[in-house]
Amino acid sequence: MTIAEPMLLPSDVELTPVEDLPEEIRAQLTFRPGDHAVTRPRARSASSIVDANTARLLGSFRTPTRIVDAVLGFAAERQLDPRETLERSFPVLKDLLASGFLVPADSTFAEPIEASVLSAGAVVGRFRVLHSVHVMIDTQLCLARDDAGIDVALKVARPGSDGRAMFEHEAAILRALNGSVTPRVIDLGEADGHAYLAVSWQPGSDVETAAAELRRLAPVDGRQPLLELGERILGAYARIHGQGVLHGDVHPKNVLVDSGGEVTLIDFGLAARPGDRTIPRGGVDFFMEPESAAAQARGGGASPLTAAGEQYGIGALLYRLVTGGYTHSFSLEPDQMRRQLLDEPPLPFARHDLHGLPSVEAVLMRALSKDPRDRFPSTDALLAGYRAAVQDDLARPVSAGGGDRQARNDQARQEADRFVTEVLERLSPTGPLLASDLEPPRASVNLGAAGIAYGILRMALARDDERLLA
């Protein structure tokens, strides 16, 4: 790619005035009047904030345009000096090029990411797609089935991406890990121009969802299983670290838990051996270690993957699962977020209205130390410290803060019970909804009988109520 090529702002890139964003999003941004958010849903890059002039300049690329032509046209329209305009705008445009918001007009990445997505029934090698699970700019994840009826997670490279090398790397890592707490490799190949990797399908939900359910039951019924889930997650990471592999992409969506509580780590495309600097850094900023933030602040990109850095990410993950919040009240503005990671201590559990877990809190705070030397010497040591802290906190009576929270939970349950009772009275055969004919469309889910029936079914299951089910 050269800057002499025509560039395009793909049609699925959104330019949104920051003033039009929800208030809770605006509160996390540093912006000036007229600033715009640049977002590409399903891309791997985070949104960017640009000023009003840059937003207008980007509008020039809705049709294929060379950078120099767009800048000259923009300068002439506003009677600006062309050279000065180019010097000011090119660093921003360069960042947008690197982030995949601005792409060569003749590249496959110029198409909307949803375009050319494999749909149900498509055949890749010996696998038939059942449905699409997740689509990103470079890969698509599908639930697929082979000729023997075995379900697999099928990763397919999208046009324009270097999928073969990426999948070969992930397959080599997974084979080395032997499927103990990870998927097993089923097949690696290429079909009809699509590189693909098939691994064993792992049933279950991501730990974000599982932990949220347990937090709703805490502190009485959910606290112990929530903390034990954290122990199993730590055990899984200690297992792969003991096998000489760093995951490289720690966040809740990459940890699955099944109905029996078994934990599986997935998505090893960015995994590496300690000291391997050939694998690019990725991951989610909320779980980034301070030393990586420092490297980015110096303009050198993320720091190399290390065991101590991954320990920080695991600590941030457990913090998220136990408290329901993030380690910091993160700004969505990248420079400000990096400053928070470098300068601000993690928020105490009490800021998330969580009390009664001082030992677990102390262990996670050590894993979240700014200086890698202050963290645990290994993931095994972190696991041992966490396990002892859980035992200590579970033996501890709920603190006053926890008692206050329990009282609020009891009140909320009582209010919910009253609300459900009122709803069920309205849904009874003699209630106001069913006493006369429903208005059209009578059978719909949103407004009609199907939605009422489904709602009653869910409540019957939740309450284990045979009468209501009948």
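Residues numbered from 1 in each chain as written. Predicted model: local features only at pLDDT ≥ 70, side-chain atom pairs only at ≥ 80, totals over all residues. Heavy atoms only, no water.

### What about the confidence of the model for the protein?
For the record, the criterion: The predictor reports its confidence for every residue as pLDDT, a score running from 0 up to 100. Note on conventions: DSSP H or I runs of at least 4 residues are helices, E runs of at least 2 residues are strands, and numbering of each starts at the N terminus.
Overall, the predicted model of the protein reaches an average pLDDT of 87, with 94% of residues at or above 70. Taken element by element, the predicted model of the protein shows its lowest mean pLDDT in helix α13 (residues 400–427) (70) and its highest in helix α11 (residues 358–367) (98).

### Looking at the sheet that holds strand β10 (residues 151–157)
This is how the line gets drawn: The rule for pairing is simple: two strands pair if DSSP sees at least two bridges between them. The criterion used for residue contact is that any of the two residues' heavy atoms lie within 4.5 Å. All axes are obtained by fitting lines to C-alpha atoms, using only the stretch in contact for helices, and the reported angles, taken between N-to-C directions, cover 0 to 180 degrees.
Pairing within the open sheet is antiparallel, and its 6 strands lie in the order β7-β8-β9-β10-β12-β11. Across the chains shown, the open sheet's two edge strands, defined by having one partner strand only, are β7 (123–124) and β11 (185–191). Where β7 meets strand β8 (residues 127–135), 2 bridges bridge the pair, whose relative direction is antiparallel. Across the sheet, residue V124 finds its bridge partner in β8, namely F127. Its contacts with the sheet place helix α5 (residues 163–177) against β9 (139–146), β10, β11 and β12 (194–200), and it is angled at close to 165° to β11.

### Considering the environment of L424
The cut-off we apply is this: Only protein chains enter the area calculation, which uses a 1.4 Å probe; residues under 20% of their type maximum are buried, those over 50% are exposed, and those in between are partly exposed.
Within the fold, L424 resides in helix α13. Given the relative accessible area of 15%, L424 is considered buried. Taking the C-alpha atoms as reference, L424 lies 9.3 Å from M459; in sequence the two are 35 residues apart. Look past the residues within four positions of L424 in its chain and what remains in contact with it is M459, R463 and L468.

### Digging into the packing of aromatic side chains
Selection criterion: Note on ring pairs: Phe, Tyr and Trp rings are taken, using the six-membered ring of Trp, and paired if centres are within 6.5 Å. Classes follow the plane angle, with under 30 degrees stacked, over 60 edge-to-face and the rest tilted. Lysine NZ or arginine CZ positioned within 6 Å of the ring centre and within 35 degrees of the ring normal marks a charge as sitting over the ring.
Throughout the structure, instances matching the rule amount to 6 aromatic pairs. Here the aromatic cluster, defined as three or more aromatic residues joined through ring pairs, consists of F286, F287, Y326 and F330. In this structure, R320 packs its charged tip against the face of Y326, placed 4.2 Å from the ring centre. Positioned over the ring face of F376 is R366, at 4.1 Å from the centre of the ring.

### Here we look at the sheet that holds strand β2 (residues 14–17)
Spatial strand order, β2-β3-β4: 3 strands in an open sheet with antiparallel pairing. A single partner strand is all that each edge strand has here, and the edge strands are β2 and β4 (48–50). When strand polarity is set aside, the average angle formed by the axes of neighbouring strands in this sheet is 30°. Relative to β4, strand β3 (residues 36–39) runs antiparallel, the two sharing 3 bridges. What sits directly across from H36, in β4, is V50.

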